[in-house]
Amino acid sequence: MAKEGADMTEETEYMIDKNVGKETENVESSGDAKEMRAVILAGFGGLNKLRVTKKAMPEPQDGEVKIRVKACGLNFLDLMVRQGTIDNPPKPPLVPGFECSGIVESVGENIKGFEIGDRVMAFVNYNAWAEVVCTPVDFVYKMPDEMTFAEAAAFSLNFVAAYMMLFEVANLREGMSVLVHSAGGGVGQAVAQLCSTVPNVTVFGISSCFKHAAIRDSVTHLFDRNVDYIQEVKKVSPQGVDILLDCLCGENTGKGLSLLKPLGTYILYGASNMVTGETKSFFSFAKSWWQVEKVNPIKLYEENKVIAGFSLLNLLFKQGRCSLVKSVMDKLLCLYNQKKIKPVVDSLWALEEVKEAMQRIHDRGNIGKLILDVEKSPTPLVTTTNLICFFLVTCRNEVIRKHTSTDRAVK
Ligand SMILES: NC(=O)c1ccc[n+]([C@@H]2O[C@H](COP(=O)([O-])OP(=O)(O)OC[C@H]3O[C@@H](n4cnc5c(N)ncnc54)[C@H](OP(=O)(O)O)[C@@H]3O)[C@@H](O)[C@H]2O)c1
């Protein structure tokens, strides 16, 4: 991977947090290297562990592409990385982020198929939330001309994961039914769109109820996440569903398995239930683990059920399946060019607004994907002093206005 002699020379005022100053002192210094802005996670924990700093710019190594980043994807997984809830996380300080889009700035040795100036999207094994990223060429894909950088940053992780679960693992076919949790989120909306490319597929979506008006048309049946969805689905389909996509884990694993039709497939691909507050909760972690039904293969055999797991990042970065992912990306880009799928972008945020963006996911506010727009300036903060000044000036103007009108009346 690219060498990064990190150099924390400057921080934007916006992100400075005195509490985490110490933890960032471990970052190496790199003399006169060219610098770039990047989001740094100083240590695992709450939002205050995030800040924007200047770092030395990476240079591409053999087989790598250097990308001038325009937009980065912000995923639920990034919240879990921040909290330290994932398996084997790298040691902080680190630059988070697994995907970005931008323009090829230079290429390392032995690179074919990419040139300076190409518009690309890419997977990155951390380090995506920066102005410049270097990543192996196997994780880089050319963007269609009509695709915006924000769309491209919203595309890779959500659509590849959704496609591989539906078509590679569960073998989605005409007439089947699919249940998806967090239906209004990044992966949820990708699942809904991909299901609509197959005739006669019934999609049961579950999400917070305030999102229903916005996403109702993307699924066949939509339920509030607080209702007993087992009962609701069974009212429509007493036999259950063919494919159940579970990103919540915990008690939903047993529920999901119970809702499968014979020959149905349950896929676990996330553990959102483990996130219950701003920092890692050992109670939620233990509860989720404890609630997962212990799987008995004999029961699966008797009930004709399939249970599977899916992790795109492990497939890419640990299990070396990038050529399979590349073939999936080619199919997805065909669907995009045929206007059959289109990433849903919830909102754009400056790098300096990463805390507010993450808070929006914690608050379950997003519909579609959040994007960090590298060229966006942060929305100015309204400080208390500004508000008091505004109030005083308004009062003064009002007094002057009243005096003037009284004087006129007297005259
Ligand atoms: N295995 C893989 O390869 C892979 C790839 C991508 C994503 N994932 C997983 O897929 C899931 C969705 O990821 P995403 O990036 O598309 O995110 P997302 O769905 O956009 O995430 C935000 C939404 O998740 C729901 N949610 C469920 N539990 C929550 C909690 N404890 N706190 C806050 N929100 C919660 C909320 O929607 P509602 O309130 O409407 O439910 C929220 O708006 C995550 O579990 C993620 O880890 C897995």
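Residues numbered from 1 in each chain as written. Predicted model: local features only at pLDDT ≥ 70, side-chain atom pairs only at ≥ 80, totals over all residues. Heavy atoms only, no water.

As recorded in an unreviewed UniProt entry, the protein goes by Vesicle amine transport 1-like and comes from Mastacembelus armatus.

Chemist: I'd like a rundown of the site of the ligand, residues and numbers included.
Modeler: Ser208, Lys211, Ser272, Val275 and Asn366 are the nearest of the 24 residues found near the ligand. One of the side-chain N or O atoms of lysine 211 is found 2.7 Å from an oxygen atom in the ligand. Between the ligand and serine 272 there is a distance of 2.7 Å, counted from an oxygen atom to a side-chain nitrogen or oxygen. Looking at the shell around the ligand, the elements that each hand over two or more residues are α4 (186-195) and α12 (354-362). Grouping the constituent residues of the shell around the ligand by class yields ten nonpolar, eleven polar and three charged. Taken together, domain 1 (13-156 + 343-373) and domain 2 (158-314) each give at least three residues to the shell around the ligand, which thus spans both. (Near = heavy atom within 4 Å. Polar contact = N/O pair within 3.5 Å; in protein donor to acceptor, adjacent residues only side chain to side chain. Helix = DSSP H or I, 4+ residues; strand = E, 2+ residues; numbered from the N terminus. Nonpolar A, V, L, I, M, F, W, Y, C, P; charged D, E, K, R; others polar. Domains from an automatic or database assignment.)

Chemist: Now, about the nonpolar core: what can you tell me, with residues and values included?
Modeler: Phe123, Trp129, Phe155, Leu245, Leu312 and Leu332 are the most contacted members of the largest nonpolar core, which totals 110 residues. Looking at this core element by element, the count peaks at nine residues for helix α3 (residues 156-169). (Core = buried A, V, L, I, M, F, W, Y, C linked by side-chain atoms within 4.5 Å. Buried < 20%, exposed > 50% of the residue type's maximum accessible area, 1.4 Å probe, protein only.)

Chemist: I'd like a rundown of the environment of aspartate 224, residues and numbers included.
Modeler: With respect to the element layout, aspartate 224 can be found in strand β10 (residues 221-224). Sequence separation between aspartate 224 and cysteine 209 is 15 residues, and the spatial gap between their C-alpha atoms is 5.0 Å. Dropping the residues within four chain positions of it, aspartate 224 is found in contact with Ile206, Ser207, Ser208, Cys209 and His212. (Contact = heavy atoms within 4.5 Å.)

Chemist: Which residues make up the packing of α3 against helix α11 (residues 322-337), and what are the values?
Modeler: Interaxial distance between α3 and α11 falls to 10 Å at its minimum, and their mutual angle equals 100 degrees. By the criterion of interaxial angle, the relationship of α3 to α11 is roughly perpendicular. Contacts between α3 and α11 involve Ser156, Phe159, Val160, Tyr163, Met164 and Glu168 from the former and Leu324, Val325, Val328, Met329, Lys331 and Leu332 from the latter. For the contact of α3 with α11, the residue count by class is nine nonpolar, one polar and two charged. (Axes fitted to C-alpha atoms, helices over the stretch in contact; angles between N-to-C directions. Parallel < 35°, antiparallel > 145°, perpendicular 65-115°, else oblique.)

Chemist: With reference to specific residues and values, describe the pairing of strand β3 (residues 64-74).
Modeler: Here β3 lies mainly inside the structure; ten of its eleven residues are buried. Both β3 and strand β6 (residues 132-136) contribute to a ladder of five bridges, which runs antiparallel. Bridged to arginine 68 within β6 is valine 132. With seven bridges joining them, β3 and strand β4 (residues 99-107) adopt antiparallel strand pairing. Directly across from lysine 66, in β4, lies its bridge partner serine 106. Across four bridges, β3 lies against strand β15 (residues 369-373) in antiparallel orientation. Residue pairing in the sheet places leucine 74 in a bridge with leucine 370 of β15. (Pairing = 2+ DSSP bridges.)

Chemist: Can you tell me about the sheet that holds strand β9 (residues 202-207), naming the residues and giving the values?
Modeler: With respect to topology, six strands assemble into an open sheet ordered β10-β9-β8-β11-β12-β13, the strand pairing being parallel. Here the strands that pair on one side only, and so sit at the sheet edges, are β10 and β13 (306-309). Adjacent strand axes in the sheet meet at a mean angle of 15 degrees, parallel and antiparallel pairs treated alike. Two strands pair when backbone bridges link them, and strand β12 (residues 260-268) and β13 are joined in this way by four bridges, in the parallel orientation. Bridged to tyrosine 266 within β13 is isoleucine 307. Lying on the sheet, α4 is in contact with β8 (177-180), β9 and β11 (241-246); it crosses β8 at an angle near 170 degrees.

Chemist: Residue-level account of helix α1 (residues 76-83), with values.
Modeler: Counting buried positions along α1 gives six out of eight residues, so the element sits mostly inside the fold. Within the span of α1, buried status applies to Asp78, Leu79, Met80, Val81, Arg82 and Gln83. Against β1 (35-41), β2 (50-56), β3 and α12 lie the buried residues of α1. Positive phi appears at glycine 84, one or two residues downstream of α1, with a value of about 80 degrees.

Chemist: An account of the packing of aromatic side chains is needed here, citing residue identities and associated values.
Modeler: Under the counting rule described, the total for this entry stands at seven aromatic pairs. Geometrically, the ring pair formed by tyrosine 163 and phenylalanine 167 is tilted, given 4.6 Å between the ring centres and 45 degrees between the ring planes. Taken as a pair, tyrosine 163 and phenylalanine 167 lie in helix α3 at a separation of four residues, close to a single helical turn. On the basis of relative accessible area, tyrosine 163 is assigned to the buried category, the value being 12%. Residue classification places phenylalanine 167 among the partly exposed residues on the basis of a relative accessible area of 22%. (Phe/Tyr/Trp six-rings, centres within 6.5 Å; stacked < 30°, edge-to-face > 60°.)

Chemist: So what about the side chain of lysine 70? Which residues, and what values?
Modeler: Here lysine 70 shows up in strand β3. Look at lysine 70 and you get buried, because its relative accessible area is 19%. Looking at lysine 70, its side chain comes within polar contact range of the side chain of glutamate 375, at 2.7 Å. Leave out the neighbours within four places in its chain, and lysine 70 touches Ser101, Gly102, Ile103, Phe149, Leu372, Asp373, Val374 and Glu375.

Chemist: Explain the pattern of salt bridges to me, and be specific about the residues and the numbers.
Modeler: Inspection of the entire model under this criterion finds 15 salt bridges. Put simply, arginine 37 and glutamate 352 hold a salt bridge, and the shortest N to O gap is 2.9 Å. Residue arginine 37 is found in strand β1, and its partner glutamate 352 is found in the loop between β14 (345-349) and α12; the two are separated by 315 residues along the sequence. Where lysine 142 meets aspartate 118, a salt bridge forms, and the shortest distance between an N and an O atom there is 3.9 Å. One end of the pair, lysine 142, is in strand β7 (residues 140-142); the other, aspartate 118, is in the loop between β4 and β5 (119-123), and 24 residues separate them in sequence. Here lysine 142 falls in the partly exposed class, since its relative accessible area comes to 43%. Residue classification places aspartate 118 among the buried residues on the basis of a relative accessible area of 18%. Each of Glu59, Lys66, Arg68 and Glu105 takes part in a single network of salt bridges with overlapping partners. (Salt bridge = Lys/Arg side-chain N within 4 Å of Asp/Glu carboxyl O.)

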